[in-house]
Each structure stands twice: as C-alpha cells, then as structure tokens.
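Here is what each chain is made of, one letter per residue.
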Amino acid sequence: MQHDHHLDHDSAHCAHDHGPQHIYIYSPASAIRDKAAFKRGIARLKALGHEVEVDPDAQAVHTRFAGDDATRLAAIHRAAASGADVALITRGAYGLTRILPGIRYKAVAKAIAGGMKFVGLSDFTAFQNAVLAQTGATTWAGPALISDFGVEGEPDDIMLACFDDLLTGHGEGTGWTLGREKPRADGRPAVPEVYVKQAQLWGGNLAVLTGLVGTPYFPQVKGGILFVEDVSEHPYRIERMLTQLLHAGVLAQQKAVVLGQFTGYRLAPHDKGFKLQSVVDWLRTQIKAPVLTNLPFGHVDTKVLLPVGAQVSLSVEGRDALIYWGHQH
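Residues numbered from 1 in each chain as written. Predicted model: local features only at pLDDT ≥ 70, side-chain atom pairs only at ≥ 80, totals over all residues. Heavy atoms only, no water.

Once that is clear, we can look at the sheet that holds strand β13 (residues 320-324). Across the sheet, seven strands lie side by side as β6-β13-β12-β7-β8-β9-β10; this open sheet has mixed pairing. Since the sheet does not close on itself, it has two edges, and those belong to β6 (173-177) and β10 (291-292), each with one partner. As paired strands, strand β9 (residues 254-263) and β10 are joined by two bridges and run parallel to one another. Note that in β10 the partner of valine 258 across the bridge is leucine 292. (Pairing = 2+ DSSP bridges. Helix = DSSP H or I, 4+ residues; strand = E, 2+ residues; numbered from the N terminus.)

If you want it as structure tokens, here you go:
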C-alpha cells in the first residue's frame with residue numbers, strides 16, 4: 001500500500017484555535033466489538049480538547065447490530081437534534097441500508113443546514129448517499145471513532161490534520177499523488193491532464209453504493225465526480241460492481257471516476273495475472289471520463305475527508321491530483 005501522497009495543508013491552519021468542538025458519538029450500524037478501542041477513541045477526542053457526547057445506545061447490541069432498527073433510527077435522530085458540531089459514527093459494518101426508509105431526512109438536512117457535519121465511511125455510505133438523494137445536503141466521508149481515533153498508539157497524522165481542518169473550517173481540498181502506471185499503447189500518459197470545474201463529488205464504499213442502485217436512496221448525479229473504495233473485495237468483484245454501475249448508465253454520466261484504496265483481498269493462482277490494475281485498464285476502455293487512482297481514502301489509516309454532495313473542482317497535472325472545494329460552512 002503506497003502512501004506517497006502529499007496533502008495541501010497549510011501548516012498555519014493548525015495554529016488557529018477555534019475552541020473545543022461538540023462531537024456526538026453514535027452507532028447507526030453494527031454493534032461495537034472492541035470496547036477498549038471505543039474508550040480510547042473517546043478519551044483521545046477529549047484529550048484534543050473537544051466536548052464529547054456519547055449516545056445512550058452507542059453500546060447497544062441486537063444480534064450483530066447496535067440495537068434493533070428502531071434503536072438505531074432513534075440514535076440518528078438524537079444525533080441530528082443534539083446541536084453538535086460533528087456527528088461521528090463509532091463504526092461501520094452492515095446496518096444502515098435496512099433502515100433508510102425510516103430516517104427523517106428533513107431533520108437531518110435541517111441539522112446540516114445549521115452547521116452539523118455528519119462524518120463516517122464504509123456502511124455509512126448508505127446514509128450519505130440517501131441524504132444526498134433525498135435532500136441534496138452535504139455529509140463528510142471520513143474517519144470512524146473506533147478504527148481511527150481508537151487505535152493503539154497514535155492515530156494517523158494526515159487523518160488528524162484533515163479532521164482538524166474540518167472542525168476549524170479550514171479544509172479547502174486535498175491533493176495526492178496518482179499511482180505509477182505505464183503509458184498507453186500510443187505513448188500517451190495513463191491519465192491525461194484533467195481540469196473539471198464545479199462538479200458534484202459523491203460516492204463512498206463501492207459495495208454499499210452499488211446496493212443502492214435502483215432505489216430512492218441512489219443519487220441521480222450527472223456530470224459528477226464519483227469516488228469509490230472497498231475492503232476485502234477481490235478485483236473481479238470490484239469489476240463486477242463497477243460493471244453494474246456501467247450498465248446502469250451511471251459511469252457514463254460522470255466527469256471523472258476516482259478510485260481510492262482497495263485493500264484486504266488476496267489474489268488466487270487462477271487469476272493468471274488478473275489484478276486491480278486489470279480492472280482499471282478495462283474501465284478506461286468503457287468510459288470516456290478519466291479514471292484516477294490512489295486517492296488516500298478507504299479502509300486505511302491515512303485517509304482524507306471528502307464532502308459528499310459538495311461542488312468541487314478536480315485537476316491533474318502529471319501525477320499530481322487535487323480535489324478542491326473551498327470553504328464549506
């Protein structure tokens with residue numbers, strides 16, 4: 001896993017003190033298994049000076065879920081009503097897709113309009129895209145409490161810097177280095193120079209997103225920038241999911257497709273050379289839009305925060321890529 005990306009963080013940004021933030025911790029999906037990491041995460045956020053409010057059912061358990069469906073819906077609605085600056089999930093894993101019809105989207109959108117930032121990843125992709133499809137409101141693809149703040153040792157410094165930028169309102173974009181790829185057969189670079197101005201950024205976990213196709217919770221984004229990542233999915237499964245988005249007409253409507261980190265899978269002997277790059281190469285033959293790689297987002301320690309639903313600009317010069325959104329208030 002390469003992490004040779006650079007981020008456009010102005011070091012002066014981190015010197016601003018905007019006072020402690022109110023962070024609401026809740027569990028809308030799977031039950032917490034690592035209680036020590038849960039406690040570490042809360043302690044770490046408090047040590048950073050924030051006011052941390054923990055939902056009363058954050059540690060609830062109902063089979064594999066963090067409480068039954070009604071309990072998790074109530075937790076989402078408490079988060080929306082909390083007046084917090086940030087609503088942060090404890091963890092992802094499966095649980096949100098089945099309760100999407102019960103979410104009070106107007107209440108969530110009202111909270112976002114009031115300045116609340118809903119942050120999470122993985123299974124949280126279902127919530128984020130449902131909110132976008134139903135209301136047009138922006139949420140943030142970013143860390144989860146347990147896997148990012150609750151780690152033993154120190155959390156990733158880039159993740160912390162990006163989270164701090166979100167809290168202080170200084171985050172304006174993220175830059176990274178594209179993966180090394182062979183030139184095309186005609187000698188042109190694998191990724192041409194790209195400049196996309198004002199396109200809607202959307203996406204998240206590929207498997208969760210693909211599971212929303214054909215539902216009222218799948219955003220109808222035309223001329224957008226789609227970013228996807230996944231974990232424990234073999235390249236052929238990644239291709240199969242991308243094929244579904246292709247055949248559904250989704251990919252042809254995008255101005256760019258950005259691939260994040262795909263981790264936690266094993267190639268098999270009978271792949272005979274079929275690998276993730278094979279999928280990338282194939283995808284480029286299917287759509288006209290550029291396909292970018294190596295976005296520092298996914299089930300990895302080093303992750304940036306991305307505004308799902310916001311208008312952004314995208315540029316690529318050589319291997320340097322930048323997604324820029326300006327101040328989001």
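Read on for the rest.
Turning our attention to the environment of alanine 144. Note on placement: alanine 144 falls in the loop between β5 (139-141) and α5 (145-149). The class of alanine 144 is buried, set by a relative accessible area of 2%. In sequence terms alanine 144 and aspartate 57 are 87 residues apart; their C-alpha atoms lie 17 Å from each other. (Buried < 20%, exposed > 50% of the residue type's maximum accessible area, 1.4 Å probe, protein only.)

With that settled, the discussion passes to the sheet that holds strand β11 (residues 306-308). Taken together, the six strands give an open sheet; going across it, the order is β2-β1-β3-β4-β5-β11, and neighbouring strands pair in mixed fashion. The open sheet has two edge strands with one neighbour each: β2 (51-54) and β11. If you compare each strand with its neighbour and ignore which way they point, the axes differ by 30 degrees on average. Pairing geometry for strand β4 (residues 117-120) and β5, over two bridges, is parallel. Note that in β5 the partner of glycine 120 across the bridge is alanine 141. (Axes fitted to C-alpha atoms, helices over the stretch in contact; angles between N-to-C directions.)

As a further point, take the packing of aromatic side chains. Applying the stated criterion to the full structure yields nine aromatic pairs. Between tyrosine 105 and tyrosine 217, the aromatic rings sit 6.3 Å apart at their centres with planes inclined by 25 degrees, giving stacked as the arrangement. Of the two residues, tyrosine 105 is situated in helix α3 (residues 105-113) and tyrosine 217 in the loop between α7 (206-210) and β8 (224-231); the sequence distance between them amounts to 112 residues. For tyrosine 105, a relative accessible area of 9% translates into the label buried. Of the residues examined, tyrosine 217 reaches a relative accessible area of 15% and is grouped as buried. Pairing phenylalanine 227 with phenylalanine 297 gives two aromatic rings, centres 5.8 Å apart and planes at 85 degrees, and the pair type is edge-to-face. Placement of phenylalanine 227 in strand β8 and of phenylalanine 297 in the loop between β10 and β11 is noted, with a sequence separation of 70 residues between them. Overall, the relative accessible area of 2% leaves phenylalanine 297 in the buried class. Three or more aromatic residues joined by ring pairs make a cluster, and in this case those are Phe118, Phe124 and Phe127. (Phe/Tyr/Trp six-rings, centres within 6.5 Å; stacked < 30°, edge-to-face > 60°.)

Another aspect to go through is the nonpolar core. With 103 residues, the main nonpolar core has Tyr26 and Phe118 as its most contacted residues. Residues within four places of phenylalanine 118 in sequence aside, it is in contact with Tyr26, Ala79, Ala80, Ala87, Val108, Ala111, Ile112, Phe124, Phe127, Gln128, Thr139 and Trp140. (Core = buried A, V, L, I, M, F, W, Y, C linked by side-chain atoms within 4.5 Å. Contact = heavy atoms within 4.5 Å.)

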